[in-house]
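The primary structure of each chain is shown beneath.
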Amino acid sequence: MLPVAGWMGNAQPGIMAVRRTHSEPCMNPDALTDQLSLFLDVLESGSFSAAARLHPLTPSAVSRRIDALERSLDCSLFSRSTHAVRATPAGLAFAERARRILAELHLARAEAVSLSSAPEGLIRIDAPAPFGRRHLAPAIADFLTAYPGLDVQLRLIDSFIDLHGAHLGEVDLVLRIGPLADTRLVATPLSPMIRVVCASPAYLERHGVPRTPAELLEHDGLDWDGLAPAYAWRFESQGKLAVYRPRRLRMTANNAETLVFSVLAGLGVAHLPTWLVSEYLVRGELVALFCDNGLPAPEPSGIYALRLQRDTDSRSRLLLEFLKNRFGPIPPWDLPLQSALQRGAGN
């Protein structure tokens, strides 16, 4: 049989050749990653326009993609108004799954890279102890599983390490939470940070529930001993930030976890970051105050990885990219809290 253009030339006599009408379909994980990332960006920003600025898209293109996603799922993920886009209960539930899918895709790619290029060496990190125990250590365990040739030296500390003094050059990355004072360091944003006022149900039963931040002045407080975080006890009032700190401080401490123990014990109200108290809020062991409309806006500063040089080594770049995907754009500790607050508002 003579070969014919567009037909398979290896057909056997007596067997009709098969025409190749199109190439074999191929999986495109980037398309799934982009779609889920776009969905999460809309959820976090509450706006198609804001999400569009994070992607090479117009607001109308973002809207069309979200519409297509909703059609494929056969459910509404967002309720739309002229002022904002808010997630439906289905949207919040889907967000939790989407976050896990993106993390798994990132792990799968990391494992594939590790098998092909096999990066090796030691990464030295220091980080705040409470955040390190809760979130960084589990993330590094997953990272090392994906990159078996890499090793990590992790130091968890409660005080700031002076990178320009005795500890200069002893670490590759430093995790810091809050405003950055030294502009000579190169900062990679890892996660936004949200702070909430919280108290135990027992405390609120004894002392009543403050309805506005100004009422905090008459409540018992739990606070940092010495230098408090920059945005602790600061609330927006008439377009400006105002400080409403309880007049009586039942306990002060230089350790964040100590404040958690105290607020769980019902000693007073505290103004703590969600990465520290989200699990207790979701379980109902603590109550978030002033969250009738959802979580407050993120603080101007967040969680960063600092390094001394702009051109960091490939090992540190791999870890930075891994942590950015792990902790952002919506932190994994905030997603279940958002869902819990929305369910509470619907009851």
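A.B. asks: Any chance you could break down the confidence of the model for the protein chain for me, citing the residues and the numbers?
C.D. replies: With 83% of its residues at a pLDDT of 70 or more, the protein chain shows a mean pLDDT of 84. Across the protein chain, the element-wise mean pLDDT spans from 79 in helix 4 (residues 89–117) up to 98 in helix 6 (residues 201–207). The low-confidence segment residues 1–26, where pLDDT is below 50, has 13 contacts with residues more than four positions distant or belonging to other chains. In the model, residues 160–166 has pLDDT below 50 throughout and makes 15 contacts with residues more than four positions away in sequence or in other chains.

A.B. asks: Please give an account of the side chain of D41 that cites residues and values.
C.D. replies: Checked against the element boundaries, D41 lands in helix 1 (residues 29–45). The side chain of D41 sits in the buried core without any salt bridge; R99 is the nearest counter-charge, 8.4 Å away. Contact partners of D41, with chain neighbours within four places excluded, come to A51, L54, H55 and P329.

A.B. asks: Mind laying out the nonpolar core, listing which residues take part and the relevant values?
C.D. replies: Where a protein is soluble and globular, its nonpolar side chains tend to be buried together. The biggest cluster of nonpolar side chains holds 46 residues, and the ones touching the most others in it are I125, F131, L136, L175, L272, V277 and L323. Ranked by residue count, the leading element in this core is helix 5 (residues 129–146), at 6 residues. Beyond its immediate sequence surroundings of up to four residues, F131 is in contact with L136, L175, I177, W275, I303, F327 and W333. Counting residues in hydrophobic clusters, the runner-up holds 23 residues, among them L38, F48, V62 and L69.

A.B. asks: Lay out the packing of helix 5 against helix 8 (residues 274–283) in plain terms, naming residues and giving numbers.
C.D. replies: Two elements in contact, helix 5 and helix 8, have axes separated by 10 Å at closest approach and are oriented at 55 degrees. Our classification of the angle between helix 5 and helix 8 gives oblique. Touching P130, F131, R134 and H135 of helix 5 are W275, L276, E279 and Y280, all from helix 8.

What counts and what doesn't
- Residues numbered from 1 in each chain as written.
- Predicted model: local features only at pLDDT ≥ 70, side-chain atom pairs only at ≥ 80, totals over all residues.
- Heavy atoms only, no water.
- pLDDT = per-residue confidence, 0-100.
- Helix = DSSP H or I, 4+ residues; strand = E, 2+ residues; numbered from the N terminus.
- Contact = heavy atoms within 4.5 Å.
- Buried < 20%, exposed > 50% of the residue type's maximum accessible area, 1.4 Å probe, protein only.
- Lys, Arg positive; Asp, Glu negative; His and termini not counted.
- Salt bridge = Lys/Arg side-chain N within 4 Å of Asp/Glu carboxyl O.
- Core = buried A, V, L, I, M, F, W, Y, C linked by side-chain atoms within 4.5 Å.
- Axes fitted to C-alpha atoms, helices over the stretch in contact; angles between N-to-C directions.
- Parallel < 35°, antiparallel > 145°, perpendicular 65-115°, else oblique.

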